Amino acid sequence: MDIDFKTTEEKYYADYMELVREFEPHVVNAEGGKELLLSLDEDGEQLTVIISCDYLPEKYYKITRKIDISRSNLAKIAQIKRISKVALYDVLKKMTGISLPYGSLTGIRPTKLFHDMKESGVDAEKVFTEDLRVSGEKTSLISQIVENQSSVYLKKDGVADVFVNIPICPTRCVYCSFISAEMSKVRRFVPKYCELLREELADCKKLIEETGYKIRSVYVGGGTPTCIPDDEFKSILSLCDFGQSEFTVEAGRPDTITENKLKIMDETGVTRISINPQSFNRATLDAIGRRHTVEDIYNAYRMARKYSFDINTDLIAMLPGEGFDEFRHSVDEAIRLAPENITVHTLALKKGSVLKVGGYDNTSDGLAAKMVDYAREAVSEAGYTPYYMYRQKYVSGNLENVGYAKPGKFCIYNVDIMEETTTIIANGAGGISKKLDVSLNLLERCANPKGLDVYLARGSEVPAKKRMFFTGKQDVRPQFAD
């Protein structure tokens, strides 16, 4: 049932609705009225949040909190949103009797917020549990991840990662909302795309020399980069030597991993690859739009283990048709294959995905939590430790995605991108470069053309735009339609 939420603060409406939607499946007995109205009143250093609600016996909720008006406008806005979201959370909790594992938090980077609080001298654990209403279990998980990251966490000017996007896949998964195109539909455009990407990468190397950035990690993602022809694949990887210590290729689909692709990656200095089953159940693979078999997963591992690559493996909880037993089987099989990294995702209904459009219901009634709890216990017993986390909208059980790794095998790029601690120089369609200024705590963005078709039409303009963005020679303004 929908909650008829309104607010006098339209600028915060989207933030509030992210929280409201998490409670909507739990609203019952709302015949007495469905309206919920939130308003704010600022008076100097005092912020008053007033919520009228027909669901509650008292029909009315009000709190007053102090805000620090000496801080920047952005910081002040963040305070106001945080205080008012906590008030809204408290009302929604009273309405439904439901507590969310992440309390009032709706952002995708809870660990980044935790880091920021610690760096400011704040007792982050106390704020998370007492002020933001995050459960003790999730606060402990976040704290553990932040502590584990200390061996690779680096927030420093002059350091960057390079991202290379090849947004093409063999087929489209039903949960996917990325810009990735199916190979069968864009095969004739692949040579032109690779040509433009090579030009951008050649200019990227010049840009790095000009700016003096020290490159920590290179990540070639998509999509499924390994689905393009061998000669094109090799030509792109050959241009990705920027002096990095970590070089990851998202091989992803097991059926695209061949002996020759592995040889090319080995020869071009790749240190880490992904083999992403998502599930070890054939019926599930068919249901989500994957054409590979379970045996293809095992074959890909057997071939990859002839080389020295670290391997990342992804699983997804709450896939269509899967219950606890099916998911447990996938977790157990992943552990048996012993990749260096296992990331456990919780299914999110992303806008534009086949599942979302088709009205799939990923409400879990506790099943999602049972799945991720089992995964955490099983991988921990197998020697893995959590080291990065991110959350998404419309995720089952209001949960999270967590990456686990063996000691000393953390993926640097995963930590950098999630904690937003380094500059990112992005290449290819849909790539978003990010320029970090640590002293100002400022992260600026510059987007490449989003769609493959737009990149093919205007990709030759990208290097010049990106150079302007990074060298500061002129103000960068959006030039491409999303």
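Residues numbered from 1 in each chain as written. Predicted model: local features only at pLDDT ≥ 70, side-chain atom pairs only at ≥ 80, totals over all residues. Heavy atoms only, no water.

Moving on to the overall build of the protein chain. Broken down by element type, the protein chain carries 17 helices and 17 strands. Over its C-alpha atoms the protein chain spans a radius of gyration of 23 Å, differing by no more than 12% from the 23 Å that the globule rule assigns to 482 residues. Looking at the protein chain as a whole, 56% of its 482 residues are labelled buried. Pairs at least 24 apart in sequence give 71% of the contacts found in the protein chain among residues at least 6 apart. When the accessible surface of the protein chain is summed, it comes to about 20,800 Å², and 49% of that surface belongs to carbon and sulfur atoms. Charged side chains in the protein chain number 65 positive and 71 negative. The centres of these two groups are separated by 3 Å. (Helix = DSSP H or I, 4+ residues; strand = E, 2+ residues; numbered from the N terminus. Rg over C-alpha atoms; globule rule 2.2 N^0.38 Å. Buried < 20%, exposed > 50% of the residue type's maximum accessible area, 1.4 Å probe, protein only. Contact = heavy atoms within 4.5 Å. Areas by Shrake-Rupley, 256 points an atom, 1.4 Å probe, with all protein chains shown as cover. Lys, Arg positive; Asp, Glu negative; His and termini not counted. Charge placed at Lys NZ, Arg CZ, Asp CG, Glu CD.)

Here S274 lies in strand 10 (residues 272-275). Using a relative accessible area of 4% as the deciding quantity, one classes S274 as buried. Excluding residues that lie within four positions of it along the chain, S274 makes contacts with V249, E250, A251, G252, I257 and N312.

Judged by pairing direction, the sheet is mixed, and its four strands sit side by side in the order 1-2-3-4 without closing on themselves. Looking at strand neighbours, the two that pair on one side only are strand 1 (4-7) and strand 4 (60-66), the edges of this open sheet. Within this sheet the neighbouring strands show an average axis-to-axis angle of 15°, counted without direction. As paired strands, strand 1 and strand 2 (residues 35-43) are joined by four bridges and run parallel to one another. (Pairing = 2+ DSSP bridges. Axes fitted to C-alpha atoms, helices over the stretch in contact; angles between N-to-C directions.)

What follows concerns the pattern of salt bridges. Taken as a whole and judged by the stated rule, the model has 39 salt bridges. In this structure, K6 engages D4 in a salt bridge whose closest nitrogen and oxygen atoms are separated by 3.0 Å. For K6, a relative accessible area of 37% gives the class partly exposed. Sharing partners across several salt bridges, the network here consists of R109, K112, D116, E119, K155, E420, K434 and R445. (Salt bridge = Lys/Arg side-chain N within 4 Å of Asp/Glu carboxyl O.)

Turning our attention to the packing of aromatic side chains. Enumeration according to the criterion identifies 17 aromatic pairs in this entry. An aromatic cluster of at least three residues, connected via ring pairs, comprises F5, Y12, Y13 and Y16. A cation sits over an aromatic face here: K261 above F233, 5.6 Å from the ring centre. (Phe/Tyr/Trp six-rings, centres within 6.5 Å; stacked < 30°, edge-to-face > 60°. Lys NZ or Arg CZ within 6 Å of the ring centre and 35° of its normal.)

Attention shifts here to the confidence of the model for the protein chain. Mean pLDDT over the protein chain: 92, with 96% of residues reaching 70 or higher. A low-confidence stretch, residues 475-482 (pLDDT under 50), is modelled with 15 contacts involving residues beyond four sequence positions or located in other chains. (pLDDT = per-residue confidence, 0-100.)

Before going further, it helps to spend a moment on the side chain of D90. Mapped onto the secondary structure, D90 falls in helix 2 (residues 73-96). Assessed through its relative accessible area of 13%, D90 is described here as buried. Of note is the side chain of D90, whose polar atom sits 3.4 Å from the side chain of Y61. Excluding residues within four positions of it along the chain, D90 makes contact with Y61 and R133. (Polar contact = N/O pair within 3.5 Å; in protein donor to acceptor, adjacent residues only side chain to side chain.)

Turning to its location among the elements, V162 is positioned in strand 5 (residues 159-166). In contact with V162, other than residues within four places in its own chain, are C204, I208, I215, S217, V218, Y219, F242, I425 and N427.

On to unusual backbone geometry, then. In this model, G222 is joined to G223 through a cis peptide bond whose omega is 15°. Relative to the helices and strands, G223 is located in the loop between strand 8 (214-222) and helix 8 (230-237). One non-glycine residue, M318, lies in positive phi territory at about 75°. Relative to the helices and strands, M318 resides in the loop between strand 11 (310-317) and helix 12 (324-337). Given a relative accessible area of 7%, M318 falls into the buried group.

In this section: the pairing of strand 14 (residues 401-405). Of all five residues in strand 14, five are buried, a share of seventy percent or more. The side-chain alternation of strand 14 yields two buried faces, one formed by N401, G403 and A405 and the other by V402 and Y404. In this structure, strand 12 (residues 341-346) lies alongside strand 14, joined through four bridges in antiparallel fashion. Looking at the pairing, T343 lines up with G403 of strand 14. Where strand 13 (residues 385-390) and strand 14 come together, five bridges link them in antiparallel fashion.

Throughout this description, disulfide means a covalent bond between two cysteine sulfur atoms. Scanning all chains against the criterion turns up zero disulfides. Distance from the sulfur of C194, which forms no disulfide, to the nearest cysteine sulfur (C227) is 9.5 Å. With no disulfide of its own, C227 lies 6.2 Å from the sulfur of C169, the closest cysteine sulfur. What makes C227 buried here is its relative accessible area of 17%. (Disulfide = S-S within 2.5 Å.)

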